[in-house]
Amino acid sequence: MKNNNTEKPCMVAGSRVGRPARISYEEIARIALKIGLEDVTMIAVGQALGVDHSSLYRYVKGRKELLLAAADLAITELDWRGNPSNWREFAQTVANSSWELFDRYPGLADAMRELEVSPPSGIRAFGEIANQFVEYGFSADEAVVLLDSMFDMTMDCFTGWRRVYNQDRIGGHGIEKVVASWEAEAIRNPDTARPILIMSRMMTDHPKELWSKKLFLMLEGAQAIFEKRQQMYEAAE
């Protein structure tokens, strides 16, 4: 006999039939930034989005692409333009924006060092900012070197600061251990003690203070180049 009572698939209690959760490249990047780039993983992003982490691989192939996506989004939202009245004010605005960006997204500066390629938004911003320096009167080469120096110095200061001040990752002693090593060398080397002690004191200041002093000297050098170029323009007229 033919059985007309065809079995229907058994539904598990509480389950739903429908489309899987929708995610996007930008959503993945934004969640990665929210979690923090120091320890973000594909699994953590998947959990935050409410999807299995394997579904993320349709958008990013692994952790490095995840970091690239997050860095690209973060730089897109970087507010560096402002309304400067001169090149020096513009340079200060760009530098401050860079520091604030790394401060807003823990792990971003280290991620930028780890990436094998530069975020597209970073490359575009670099070009726009360099062109603005040219508009102020720098040569294209000078603009590129100045901008690259500013970014490198800011990134190095920020990554170095986080390494030194992150007690959990350097044995629990933090900056005190580093300062103590400098002070010990000052005692053993009285002829060079003064600069050593100055450096050890600066290490205990807020990291942005030392960064600001480095930036000031860098911009002072750029100022000398800028003024020399302006004199050349005036002499040629």
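This text follows the structure it describes.
Residues numbered from 1 in each chain as written. Predicted model: local features only at pLDDT ≥ 70, side-chain atom pairs only at ≥ 80, totals over all residues. Heavy atoms only, no water.

Focus: helix H1 (residues 25-35)
In step 1: Every buried residue of H1 is accounted for by Ile 28, Ala 29, Ile 31, Ala 32 and Leu 33.
In step 2: For H1, the elements touching its buried residues are helix H2 (42-49) and helix H3 (63-76). (Buried < 20%, exposed > 50% of the residue type's maximum accessible area, 1.4 Å probe, protein only. Helix = DSSP H or I, 4+ residues; strand = E, 2+ residues; numbered from the N terminus. Contact = heavy atoms within 4.5 Å.)

Details of the side chain of Thr 159
In step 1: Locating Thr 159 in the fold gives a position in helix H7 (residues 140-165).
In step 2: Exposure remark for Thr 159: the relative accessible area of 4% places this residue in the buried category.
In step 3: At a separation of 3.2 Å, a polar atom in the side chain of Thr 159 contacts the main-chain carbonyl oxygen of Asp 156.
In step 4: If sequence neighbours within four positions are ignored, Thr 159 has contacts with Ala 109 and Asp 110. (Polar contact = N/O pair within 3.5 Å; in protein donor to acceptor, adjacent residues only side chain to side chain.)

So, the nonpolar core
In step 1: One finds Leu 37, Val 45, Trp 87, Phe 133 and Met 150 to be the most contacted residues of the largest nonpolar core, which totals 58 residues.
In step 2: For this core, the secondary structure elements donating two or more residues are H1, H2, H3, helix H4 (87-104), helix H5 (108-114), helix H6 (120-136), H7 and helix H10 (207-236).
In step 3: Once you skip the residues sitting within four places of it in the chain, Phe 133 turns out to touch Trp 87, Phe 90, Ala 91, Phe 138, Ala 143, Leu 146, Leu 147 and Met 150. (Core = buried A, V, L, I, M, F, W, Y, C linked by side-chain atoms within 4.5 Å.)

Some details on the side chain of Ser 97
In step 1: Considering the arrangement of structural elements, one finds Ser 97 in helix H4.
In step 2: According to the relative accessible area criterion, Ser 97 is buried, its value standing at 6%.
In step 3: A distance of 2.8 Å separates a polar side-chain atom of Ser 97 from the backbone oxygen of Thr 93.
In step 4: In contact with Ser 97, other than residues within four places in its own chain, are Leu 78, Asp 79 and Trp 80.

Observations concerning the packing of aromatic side chains
The relation between two aromatic rings is expressed through the spacing of the ring centres and the mutual angle of the planes.
In step 1: In the structure shown here, the tally under the stated rule is eleven aromatic pairs.
In step 2: Each ring, one from Trp 99 and one from Trp 211, has its centre 5.1 Å from the other, and the planes form 35°; the classification is tilted. Within this pair, whereas Trp 99 is found in helix H4, its partner Trp 211 is found in helix H10, the two being separated by 112 residues in sequence.
In step 3: When its relative accessible area of 3% is taken as the criterion, Trp 99 is described as buried.
In step 4: With a centroid separation of 6.3 Å and an interplanar angle of 50°, the aromatic rings of Phe 126 and Phe 151 are classed as tilted. (Phe/Tyr/Trp six-rings, centres within 6.5 Å; stacked < 30°, edge-to-face > 60°.)

Things to note about the environment of Glu 135
In step 1: Within the secondary structure, Glu 135 is located in helix H6.
In step 2: Considering only alpha carbons, one finds Glu 135 and Trp 87, 48 residues apart in sequence, at a separation of 9.0 Å.

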